[in-house]
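What follows is the residue order along each chain.
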Amino acid sequence: MSDDRPERPPRSSPLDDPQRQRLLGEEGRLEGVEEDTWIDVIQKMDEVYSQLLRDEVALEEKNAQLEQSQQFIFSLLSAMSDVLVACDHRGAIEETNAALRELIGRSDADLRGSSVYALLAGSAGVERVRGIVEQRGSSRAGEVVELELLDAQGRAVPVDFNCTPRVDGSGRRVGTVFVGRPMAEIKRAYRELREAHEALKRTQQQLLHSEKLASLGRLVAGVAHELNNPISFVLGNVHALQRYGQRLAQYLDAVHGQEDAAALAALRRSLRIDHLLADLPSLIEGMLEGAQRTADIVQGLKRFSAVDREEHAAVDLNAVIERAIHWVCKGTAQGFDVHWTPAGPCTVSGSTGQLMQVVMNLIQNAFDAASAQPGGATPALWIDSTLDGDRVRVRFRDNGPGIPEAYLSRVFDPFFTTKPVGKGTGLGLSISYGIVERHGGTLTAGNAAEGGAVFGLELPVAGQKPHGA
């Protein structure tokens, strides 16, 4: 350790030359004592004095080291964010740190020698600490307890304390050291974090609901066009039947009024009763057909709406793709040129509604991407499927601008979207990815060599157990 103190001037010997000359006399000899003896005494005194100087320097160095150690310990105690209290075996406080004094609003002089129990709020805490402080034994194993201290405003502050015995050089227990962390801020932070997490979950649920509503909106737009024809057909036939009923009622009134045969025949011809009776079967058949088509559409809508059901059954994937194309093109993607090439009969195991949502989302995304490209080219999509053993692969390729390389690794991330604000939630592909994964399949994204984005859908055929099912 370096010593920056100024160098001390050399001290003179205990007996300087004039003193020694007076003692030795005129001839330099001490009367009654041999000169050699006196020289030996002088040398011993010089040696003792030199040793005294060395001891003094060593003592000053030790004092400097001790002062530095004390300063280091003091700086550690001052820098600790955790509170510290050291007390003796009777509970009298011997040492504290700045964090504790700041928490309780008392000075070091006020705390030193006072009872550690006075810091606690509540009798339960006092008894707990008393049992720790007054226990016998010198085991180094401590214990963790949660206590409440009285802060500067007299409020109870929860603190997690680690209580460790303090022993002397002989191993005898002489006190206890309490090191703790106030938990009020941490508990408040945890509470705020929990509230933020709950708010985030509610927001996610709302966004998921919005995405489902968007998918349902695309479906309803197609269903509205699909329902228009049979309902209009049934409605027109009902109006015809209403007119026919009025004419039949008029003719029956004449029959019951006992009109003569000539009058009834003339009325029959004017009301065209024979034509009416011949037309009734076709009207009824047309209404039955329209009603059946409406029932089929409603049944398909019911299957699609069951997106949250986990039951898996045999699903005709080709029928799902054809219906998805029909509904998207009839709804929000009118003027979309879709080329569908099935590989042949293909049955997979899964949920019809969930697979319908995946395919509709892929078709709708392809239309949105192809419609956004400059040049005014007709949006187009090519869908083809292949069977490879126990797997079916469906390829969706559009004629859009493709996916930028920087986005390829993020297209399935929740809330990631390249659409303008208000045009997408960024959840459609993420939800689709999760649905396909639950069906034991995979959903991939990339760019086709001929241009445009390409999405690959792979599913196990019926009879293969989906992963995670």
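Placed above this text is the structure.
1. As for the overall build of the protein
Thinking step 1. Each helix and strand counted, the protein has 11 helices and 12 strands in total.
Thinking step 2. With 469 residues in all, the protein has 34% of them scored as buried.
Thinking step 3. Nonlocal contacts in the protein, meaning residues at least 24 apart in sequence, comprise 61% of its contacts between residues at least 6 apart.
Thinking step 4. Carbon and sulfur atoms provide 54% of the accessible area of the protein, an area that totals close to 28100 Å².

2. Quick notes on the sheet that holds strand β2 (residues 93-96)
To summarise the sheet geometry, strands pair through backbone hydrogen bonds and adopt either a parallel or an antiparallel arrangement.
Thinking step 1. Reading across from one edge, β2-β1-β5-β4-β3 is the order of the 5 strands in this open sheet, with antiparallel pairing throughout. Two strands bound the open sheet, and with one partner strand each, they are β2 and β3 (143-150). Ignoring strand direction, the axes of neighbouring strands in this sheet form an average angle of 30 degrees.
Thinking step 2. Here strand β4 (residues 156-167) runs beside strand β5 (residues 173-182); their pairing, made up of 9 bridges, is antiparallel. Paired with Arg166 across the two strands is Gly175, which belongs to β5.
Thinking step 3. Against the sheet, helix α5 (residues 123-133) contacts β1 (83-88), β3, β4 and β5, and its axis sits at roughly 135 degrees relative to β3.

3. Details of the packing of helix α9 (residues 317-330) against helix α10 (residues 352-371)
Thinking step 1. With their axes 9 Å apart at the nearest point, α9 and α10 run at an angle of 50 degrees to one another. With respect to α10, the element α9 is oriented oblique. In this structure, the crossing between α9 and α10 has a hand that is right-handed. Residues Val320, Ile321, Arg323, Ala324, Ile325, Trp327 and Val328 of α9 form the contact with α10, whose own contacting residues are Thr352, Leu355, Met356, Val359, Met360, Ile363 and Gln364.
Thinking step 2. Class assignment for the residues of the contact of α9 with α10 results in 11 nonpolar, 2 polar and 1 charged.

4. Considerations on the pattern of salt bridges
Thinking step 1. According to the stated counting rule, one finds 17 salt bridges in the structure shown.
Thinking step 2. The partner of Glu143 in a salt bridge is Arg128, and the shortest N-O contact between them spans 3.9 Å. Of this pair, Glu143 sits in strand β3 while Arg128 sits in helix α5, placing them 15 residues apart in sequence.
Thinking step 3. Exposure remark for Arg128: the relative accessible area of 43% places this residue in the partly exposed category.
Thinking step 4. Among the salt bridges present, the one from Arg172 reaches Asp168, with a minimum N-O distance of 3.3 Å.
Thinking step 5. Each of the salt bridges in this network shares a partner with another, and the network as a whole consists of Glu95, Arg101, Asp108 and Arg112.

5. A look at α9
Thinking step 1. Between the first and last C-alpha of α9 there are 20 Å, a value that for 14 residues agrees with the 20 Å anticipated at 1.5 Å per step.
Thinking step 2. Listing the buried residues of α9 in full gives Leu317, Asn318, Val320, Ile321, Ala324, Ile325, Trp327 and Val328.
Thinking step 3. Where α9 starts, the residue carrying a side-chain oxygen 3.2 Å from the main-chain nitrogen of Asn318 turns out to be Asp316.

6. Brief notes about the nonpolar core
Thinking step 1. By size, the foremost hydrophobic cluster in this structure holds 40 residues, and its most contacted members are Ile363, Ile383 and Phe396.
Thinking step 2. Elements with a contribution of two residues or more to this core: α9, β7 (337-341), α10, β9 (380-388), β10 (391-398), α11 (428-438) and β12 (453-460).
Thinking step 3. With sequence-adjacent residues up to four places away left out, Ile383 is seen in contact with Ile321, Ile325, Val338, His339, Trp340, Thr341, Ile363, Val394, Arg395 and Phe396.
Thinking step 4. Formed by 25 residues, the second largest nonpolar core is a distinct cluster that contains Val85, Ala99, Phe161 and Phe178.

7. Re the packing of aromatic side chains
Thinking step 1. Under the criterion given, the structure shown has 2 aromatic pairs.
Thinking step 2. Their ring planes at 85 degrees and their centres at 6.0 Å tell us that Phe161 and Phe178 sit as a pair that is edge-to-face. With a gap of 17 residues between them, Phe161 in strand β4 and Phe178 in strand β5 connect regions that are remote in the sequence.
Thinking step 3. Residues Phe336 and Phe367 carry aromatic rings whose centres are separated by 5.1 Å and whose planes lie at 65 degrees to one another, so their mutual orientation is edge-to-face. With Phe336 in the loop between α9 and β7 and Phe367 in helix α10, the pair connects residues that are 31 residues apart, well separated along the chain.
Thinking step 4. Taking relative accessible area as the criterion, Phe367 reaches 13% and is therefore assigned buried.
Thinking step 5. Of note, Arg130 hangs over the ring of Tyr117, and the distance from its end group to the ring centre comes to 4.4 Å.
Thinking step 6. Above the plane of the ring of Trp382 lies Arg397, whose end atom (NZ or CZ) is 4.3 Å from the centre.

8. Examining the pairing of strand β11 (residues 442-447)
In regular strands, side chains alternate between the two faces of the sheet.
Thinking step 1. Relative to β12, β11 runs antiparallel, the two being bridged by 6 bridges. The residue of β12 that forms the bridge with Thr442 is Glu458.
Thinking step 2. Hairpin connection from β11 to β12: 5 residues lie between these consecutive antiparallel strands, with Gly451 at a positive phi of about 105 degrees.

9. Remarks on α5
The periodicity of an α-helix, 3.6 residues per turn, causes residues three or four places apart in sequence to face the same way.
Thinking step 1. For α5, every residue scored as buried is listed here: Gly125, Val126, Val129, Ile132 and Val133. All buried residues of α5 project into a common sector of 125 degrees when viewed along the axis, lining one side. Across from the buried face of α5, at angles greater than 90 degrees, the exposed residues are Ser123, Ala124 and Glu127.
Thinking step 2. Residues of α5 that are buried in the fold lie against β1, β3, β4 and β5.

Criteria and cut-off values
- Residues numbered from 1 in each chain as written.
- Predicted model: local features only at pLDDT ≥ 70, side-chain atom pairs only at ≥ 80, totals over all residues.
- Heavy atoms only, no water.
- Helix = DSSP H or I, 4+ residues; strand = E, 2+ residues; numbered from the N terminus.
- Buried < 20%, exposed > 50% of the residue type's maximum accessible area, 1.4 Å probe, protein only.
- Contact = heavy atoms within 4.5 Å.
- Areas by Shrake-Rupley, 256 points an atom, 1.4 Å probe, with all protein chains shown as cover.
- Pairing = 2+ DSSP bridges.
- Axes fitted to C-alpha atoms, helices over the stretch in contact; angles between N-to-C directions.
- Parallel < 35°, antiparallel > 145°, perpendicular 65-115°, else oblique.
- Left-handed = near helix turned anticlockwise from the far one by under 90°.
- Nonpolar A, V, L, I, M, F, W, Y, C, P; charged D, E, K, R; others polar.
- Salt bridge = Lys/Arg side-chain N within 4 Å of Asp/Glu carboxyl O.
- Expected span 1.5 Å × (residues − 1).
- Polar contact = N/O pair within 3.5 Å; in protein donor to acceptor, adjacent residues only side chain to side chain.
- Core = buried A, V, L, I, M, F, W, Y, C linked by side-chain atoms within 4.5 Å.
- Phe/Tyr/Trp six-rings, centres within 6.5 Å; stacked < 30°, edge-to-face > 60°.
- Lys NZ or Arg CZ within 6 Å of the ring centre and 35° of its normal.
- Arc of directions from axis to C-beta.

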